[in-house]
Amino acid sequence: MKQKLVVIGNGMAPGRALEELVEKSPDQYDITIFNAESRVNYDRIMLSPVLSGEKTFEEIIIHGDSWYIDNNIMLYKGHKVTEIDREKKQVTSEHGQVASYDKLIIATGSLPFIIPVPGHKLPGVLSYRDLDDVTAMMLAAQSRGTAVVIGGGLLGLEAAAGLKEQGMDVTVLHLTPTLMDRQLDPAAGYLLEKELTNRGIKVITKANTKEIVGNGKVEAVHLDDGTVIPATLVVMAVGIRPNTGIAKDAGLEVGRGIVVSDQMVSSDPDIFSLGECAEVAGECFGLVAPLYQMASVVADNLAGGNDSKFAAQETATRLKVTGINLYSAGDFAEGDDREEIVLRDATSGVYKRLVLKENKIIGIVLYGEAADGPWFFEMMKSETDISEMRDTLIFGAAFQGGDALDPMAAVAALPDEAEICGCNGICKSKITTAITEKGLTTLDEVRAHTKASASCGTCTGLVEQLLSLTLGDAYDPAAITPMCGCTDLGHGDVRRLIKAKGLITIPAVMQELEWQTSCGCAKCRPALNYYLVCDWPDRYADDYQSRYINERVHANIQKDGTYSVVPRMWGGVTSADELRAIADVVDKFELPLVKCTGGQRIDMFGIKKEDLPAVWADLGKAGFVSGQAYAKGLRTVKTCVGTDWCRFGTQDSTGLGIKLEKFMWGSWTPAKLKLAVSGCPRNCSEATCKDIGIICVDSGFEIHVGGAAGLEIKGTEVLGNVSTEEEVLEYVVALAQMYREQGFYLERIYKWMARIGLEEIRSQIMHQPKRRKAYFDAFVFSQKFAQIDPWSERVSGKDKHEFKPMATLSLEAAE
Amino acid sequence: MNVMTQNWCSIGTIDDIPRRGARCVKHGEMTIAIFRTADDQIFALEDKCPHKNGPLSQGIVHDGCVTCPLHNWVISLESGQAQGADEGKTMVFPIKLDEKTILIDLSKSSGTS
Ligand code: SRM
Ligand SMILES: Cc1cc2nc3c(=O)[nH]c(=O)nc-3n(C[C@H](O)[C@H](O)[C@H](O)COP(=O)(O)OP(=O)(O)OC[C@H]3O[C@@H](n4cnc5c(N)ncnc54)[C@H](O)[C@@H]3O)c2cc1C
Ligand code: SF4
Ligand code: FES
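Residues numbered from 1 in each chain as written. Chains lettered and ligands numbered in written order. Predicted model: local features only at pLDDT ≥ 70, side-chain atom pairs only at ≥ 80, totals over all residues. Heavy atoms only, no water.

Engineer: Looking at this model, I keep getting lost on the overall build of chain A. Mind explaining?
Structural biologist: Looking only at helices and strands, one finds 27 helices and 39 strands in chain A. Considering only intrachain contacts with a sequence separation of at least 6, the fraction spanning at least 24 residues in chain A is 61%. Carbon and sulfur atoms make up 50% of the accessible area of chain A, which totals about 35,200 Å². (Helix = DSSP H or I, 4+ residues; strand = E, 2+ residues; numbered from the N terminus. Contact = heavy atoms within 4.5 Å. Areas by Shrake-Rupley, 256 points an atom, 1.4 Å probe, with all protein chains shown as cover.)

Okay, structure coming up:
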């Protein structure tokens, strides 16, 4: 029988422990999690980028809903555990949910400390700990106003920078004379204060808060010295204390935190504790690096190994405020037995200080230029004797050996064991080995395979340098980054910022995202136009001047400047009447060529631009609409004959193809979108090389995705099986919508899939009914605006100017 | 022909052309593309790309250039010159605005097609 494992708290520490546990020993436990927050596990560290608007919540999720489903883990969201009954070995949540355990993990994190000054309970006084706090701050920021942040430590300053970014007038109050005094010496603290002041954040040090006043809500903060600071929002970020309440109630040994052994076992042998709530060897921890180490120990022990032990290690600190480089580690107090090396460069705002004891580094403070941090830190941890390089030490790794300064040399000089990603404890050689052995070429891939730079992201630059070092010219971050010469932003950033900043016109995008040209180019304009059409179907007016000619005039331009037109022939089925209408058009306009396309329909060639509306008028009378053979949108849905005629047919492939085409025509997509439905695995409609393909089988339908047979030949992958036509429609439409929302312009489904992974698509479309339904609904909504035949619109006069010359001049007039 | 002679001929108004768009004027066998930029400047070029005669009037207009619809050469509206690494030049005609009226002088052109 499987053992029952119950986890209280779903923060970063237990998240990591479970991830390692299910990898090591997938079927050993029945796992149940209770989490007071009503959401999945996310990267708490990245709340500051969410607050400043640089990231969305979706981007900082560590385990999405599908992860719990895929791993058979029961997650009770919004269930705070109120009682642990160690006799009965069960826990109870505030909603009365009971779960019994063989092993229990307590990972309740910490609680923000609130200074009990008068007024601390007024509405508008917040702490900074979870997404709810961030949402409340962003809401408060909407009405601009003034914010007071109490606490000039890491958290407080990140909150202040975020609120400033959101447009608030911000004042930081700090009790001691130096900001971040736990991490910085006064000189670095001064530079930091200056930088913040330059950014328009007011800083008051030696500030003792006396009371918070207001009538029904916050209005001002009063200091001991009589200063009054008006405020509509007060954020308290003065520290945290381990959240040990339920452990104490259950009679476990509790000191500052829940007391555990170096194997993370509490005073009850069946109860583990880890994270910020745990106390090991008299110490509690508040940064993820040691917590992740605890997580490994817990996972090892639960999986049956018991030789893994926690040993506290030094961790370095960085401040995650864009544009501020700051690094500190170790002990930098002054003392008789200590020496120091200091480098200051006032003009560029650089300050570096190393504290030495017996020729070894014991403390590091870097401000303004922090690239050498890991190099110093490594020497500090390995207790390297630095007497040999003393004279040049402070100039960093690149300077050793006397060569000229080369930014890359600093990284090259790091020893293999040098820690690159502090959060995840990933050293240099682990990254370089993964790059060579797994053939990784992008930052995202390194994140996926090693976790380096996947938590707080401050080591991203280093990881990129390692990619360059290891791959040489083969690593080209620029090749994937900018959309075009008009911007430094990549497609992903642009798509995200359009949504995050609510940009609804092309000029707004160009203004807000600082385009470097006045009106874009032929690469970015069509892309932006698509993104806006997709994101704001009801609010954005399609900009025809930003579309390629084919999409502007709804026909395919040919080499001689004439056009070809392809009407829809639903699922490749036609009739005598339709064929007669086509024949008449060919005769009437004396068209030089009629041809069957590779997409099961008929193409008429050599039409003069002026004649297009008349051709469409005739075709329209016979019931034809545009086949959109030119569109970055739904093209054809090829079908085979299926059950009605074929002796092997298992389902009505023709009928299903027509249904899909009728439902989806008119939709715009990042690149062309081609579908096919085959009646059996003989696959006569070539469904396995389409963007989305359906293979009918006796038991239902197999949905395929990611094929192509153009510039590249790609067989599809199977997404999953469903049993009814209605399901096919829902799943396929949801899949198309997911691609519409995430694909980069001109990126066909197979490329998008290579970028985000088949698993991710499968989990969202096959395993998350709510997501699927939401995609489906979004598609249906956008079809209201997209499913309009462009030909009939133009027959009725739209864009008349396109099809007529502006003037015809006689030859004499010009002479 | 007298160099001083100007032979302006009205072809319509600026409102006939969409911003960042173009319209054509037929002149015997020749088609001339009249462009209007985002900031309402007007240019006239023969509607023929120096590459393979693509109809420039059908391209995307951006800044002072148009991108040819056939193979994406970028042509300067002011000089008719192909930009970047491509070489070639399209014929340019003098054009001016009189209030809203567009006037073109077909007797003078610069460059060959
Ligand atoms: C008309 C047609 C050829 C034919 O006479 O059969 C055709 C014609 C063109 N194809 Fe195609 N393709 C046609 C079926 C295909 C097929 C076959 C199919 O769909 O089953 C393929 C391979 C399948 C695939 O897409 O993976 C195909 C792969 C391409 C590609 C390569 C796409 C890729 O991602 O690798 C291009 C180039 C592109 O889109 O950038 C292309 C581009 C073109 C363009 C639009 C080239 C252009 O930009 O001007 C051609 C337009 C000619 C015109 O003006 O009509 N055509 N093209 C077919 C129209 C089908 C339809 O009814 O809509
Ligand atoms: C804004 C911010 C920025 C940070 N930046 C950094 C950084 O740059 N680097 C770094 O190393 N660290 C940083 N940290 C600290 C880091 O996020 C924490 O150390 C880490 O998240 C703690 O993990 P945990 O699992 O112990 O607790 P948490 O992640 O706090 O999770 C505890 C969870 O348990 C739940 N819970 C509590 N009680 C109960 C109960 N009775 N029943 C059920 N559920 C309960 C809570 O709702 C919470 O979701 C930052 C923290 C914040 C808030
Ligand atoms: S295969 Fe090439 S030449 Fe033929 S229609 Fe497609 S793009 Fe044109
Ligand atoms: S004809 Fe203009 S780019 Fe080829």
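Engineer: Can you help me understand the state of the cysteines in this one?
Structural biologist: All names here are of chain A. Counting across every chain of the model gives 0 disulfides over all chains. Not part of a disulfide, Cys-680 finds its nearest cysteine sulfur in Cys-646, a span of 6.1 Å. Cys-680 gets classed as buried once you look at its relative accessible area, which sits at 7%. (Disulfide = S-S within 2.5 Å. Buried < 20%, exposed > 50% of the residue type's maximum accessible area, 1.4 Å probe, protein only.)

Engineer: Is there a simple way to think about the site of ligand 2 in this case?
Structural biologist: All names here are of chain A. Taken together, 32 residues lie around ligand 2, and Val-81, Arg-129, Glu-276, Val-288 and Lys-320 are the ones closest in. At a separation of 2.8 Å, a nitrogen atom of ligand 2 approaches a polar backbone atom of Val-81. Within the side chain of Glu-276, a nitrogen or oxygen atom sits 2.5 Å from an oxygen atom of ligand 2. Expressed as a share of its isolated accessible area of 1,000 Å², the protein-covered part of ligand 2 is 93%. Every element with two or more residues in the shell around ligand 2 is listed here: α1 (12-24), β2 (29-35), α5 (154-165) and α8 (288-302). Looking at the shell around ligand 2 element by element, the count peaks at 3 residues for α1. (Near = heavy atom within 4 Å. Polar contact = N/O pair within 3.5 Å; in protein donor to acceptor, adjacent residues only side chain to side chain.)

Engineer: When you look at the interface of chain A and chain B in this model, what are you seeing that I'm missing?
Structural biologist: Often the size quoted for an interface is simply the accessible area lost on bringing the parts together. Each partner contributes to the interface: chain A provides 34 residues, whereas chain B provides 34 residues. A buried area of about 2,600 Å², summed over both sides, lies between chain A and chain B, and 58% of it is on carbon and sulfur atoms. Here Asp543(A) ties to Arg20(B) by a salt bridge, and the two come within 2.9 Å at their closest N and O atoms. Where chain A packs against chain B, one counts 12 residue pairs in polar contact (both at pLDDT 80 or more). Going through the elements one at a time, α17 (524-535), α18 (549-553) and β39 (807-809) of chain A are the ones with two or more residues in the side of chain A that touches chain B. Looking at the side of chain A that touches chain B, the element that brings in the most residues is β39(A), giving 3 residues. The pairing of β39(A) with strand β2 (residues 21-27) of chain B spans 3 bridges and is classified as parallel. The residue bridging Ala807(A) from the neighbouring strand is Val25(B), located in β2(B). (Buried area = accessible area lost by both parts, 1.4 Å probe. Salt bridge = Lys/Arg side-chain N within 4 Å of Asp/Glu carboxyl O. Pairing = 2+ DSSP bridges.)

Engineer: Just to check I follow, could you spell out helix α6 (residues 186-198) of chain A for this structure?
Structural biologist: Counting along an α-helix, one turn takes 3.6 residues, and residues three or four places apart therefore face a common direction. All names here are of chain A. A rise of 1.5 Å per residue sets the reference length of α6, with its 13 residues, at 18 Å; its end C-alpha atoms lie 18 Å apart and thus fit the reference within 8%. Contacts from the buried residues of α6 go to α5, β12 (202-204), β22 (326-330), β23 (339-345), β24 (350-357) and β25 (360-367). Count one or two residues on from α6 and you reach Gly-200, which has phi positive near 90°. (Expected span 1.5 Å × (residues − 1).)

Engineer: Teacher, can you tell me more about the nonpolar core here?
Structural biologist: Across soluble globular proteins, nonpolar side chains have a tendency to be buried as a group. Residue and element names in this part refer to chain A. In terms of nonpolar packing, the biggest core is built from 88 residues, with Leu-163, Leu-192, Ile-361, Ile-364, Phe-376, Leu-393 and Ile-431 touching the most fellow members. Residues contacting Leu-163, with those up to four places away along its chain left out, are Leu-51, Met-137, Ala-147, Val-149, Met-168, Val-170, Leu-233 and Val-235. Within the second largest apolar cluster, 52 residues are counted, among which are Leu-497, Tyr-531, Ala-555 and Ile-557. (Core = buried A, V, L, I, M, F, W, Y, C linked by side-chain atoms within 4.5 Å.)

Engineer: I'm lost on the packing of aromatic side chains in this one. Help?
Structural biologist: For any pair of aromatic rings, the description consists of the separation of the ring centres together with the inter-plane angle of the planes. Residue and element names in this part refer to chain A. All chains considered together, the criterion is met by 13 aromatic pairs over all chains. For the ring pair Phe-34 and Tyr-76, a centre distance of 5.0 Å and an interplane angle of 15° mean the geometry is stacked. Of this pair, Phe-34 sits in strand β2 while Tyr-76 sits in strand β3 (residues 74-77), placing them 42 residues apart in sequence. Through pairs of rings, three or more aromatic residues link up here, namely Tyr-530, Tyr-531 and Tyr-745. One Lys or Arg, Arg-16, reaches over the ring of Tyr-292 and ends 3.8 Å from the middle of that ring. If you follow Arg-755 out to its NZ or CZ, it ends over the ring of Phe-744, 3.5 Å from the centre. (Phe/Tyr/Trp six-rings, centres within 6.5 Å; stacked < 30°, edge-to-face > 60°. Lys NZ or Arg CZ within 6 Å of the ring centre and 35° of its normal.)

Engineer: Where do I start with the pairing of β2(B) in this structure?
Structural biologist: One face of the sheet, then the other: side chains in a regular strand alternate in exactly this way. Here β2(B) lies mainly inside the structure; 6 of its 7 residues are buried. As consecutive antiparallel partners, β2(B) and strand β3 (residues 30-36) of chain B are separated by 2 residues, and within that stretch Gly28(B) has a phi angle of approximately 60°, a positive value.

Engineer: Any chance you could explain the environment of Gly53(A) here in plain terms?
Structural biologist: All names here are of chain A. Take Gly-53: it is sitting in the loop between α2 (47-52) and α3 (65-70). For the pair formed by Gly-53 and Met-138, sequence separation is 85 residues and the distance between their alpha carbons is 9.3 Å. Among all residues touching Gly-53, those that are not within four sequence positions of it are Gln-166 and Arg-496.

Engineer: Looking at this model, I keep getting lost on the sheet that holds strand β29 (residues 563-565) of chain A. Mind explaining?
Structural biologist: Residues and elements named next belong to chain A. The strand order across the open sheet built from 4 strands is β28-β29-β31-β30, with neighbouring strands paired in antiparallel fashion. Every interior strand has two partners, whereas the edge strands, β28 (556-557) and β30 (593-596), have only one. Along the sheet face, helix α19 (residues 576-588) touches β30 and β31 (602-607) and points at about 15° away from the line of β31. Against the sheet, helix α20 (residues 612-621) contacts β29 and β31, and its axis sits at roughly 10° relative to β29. (Axes fitted to C-alpha atoms, helices over the stretch in contact; angles between N-to-C directions.)

Engineer: Explanation requested: the environment of Val66(B) in the structure shown.
Structural biologist: All names here are of chain B. Secondary-structure assignment places Val-66 in strand β6 (residues 65-67). Take Val-66: its relative accessible area is 0%, and that puts it in the buried class. Spatially, the C-alpha atoms of Val-66 and Leu-77 are 6.8 Å apart, while their sequence positions differ by 11 residues. Other than its neighbours up to four places away in sequence, Val-66 contacts Phe-35, Leu-56, Gly-59, Ile-60, Val-61, Trp-73, Val-74, Ile-75 and Leu-77.

Engineer: Would you take a moment to explain the sheet that holds β6(B) for this structure?
Structural biologist: Hydrogen bonds along the backbone pair up the strands of a sheet, which may run parallel or antiparallel. Residue and element names in this part refer to chain B. Pairing is antiparallel across the open sheet formed by 3 strands, whose spatial order is β5-β6-β7. Bordering the open sheet on either side are β5 (60-62) and β7 (74-76), each of which pairs with just one other strand. Direction aside, neighbouring strands of the sheet carry axes that sit 25° apart on average. The sheet contact formed by β5 and β6 spans 3 bridges and is antiparallel. Each residue of the ladder has a partner; that of Val-61, found in β6, is Val-66.

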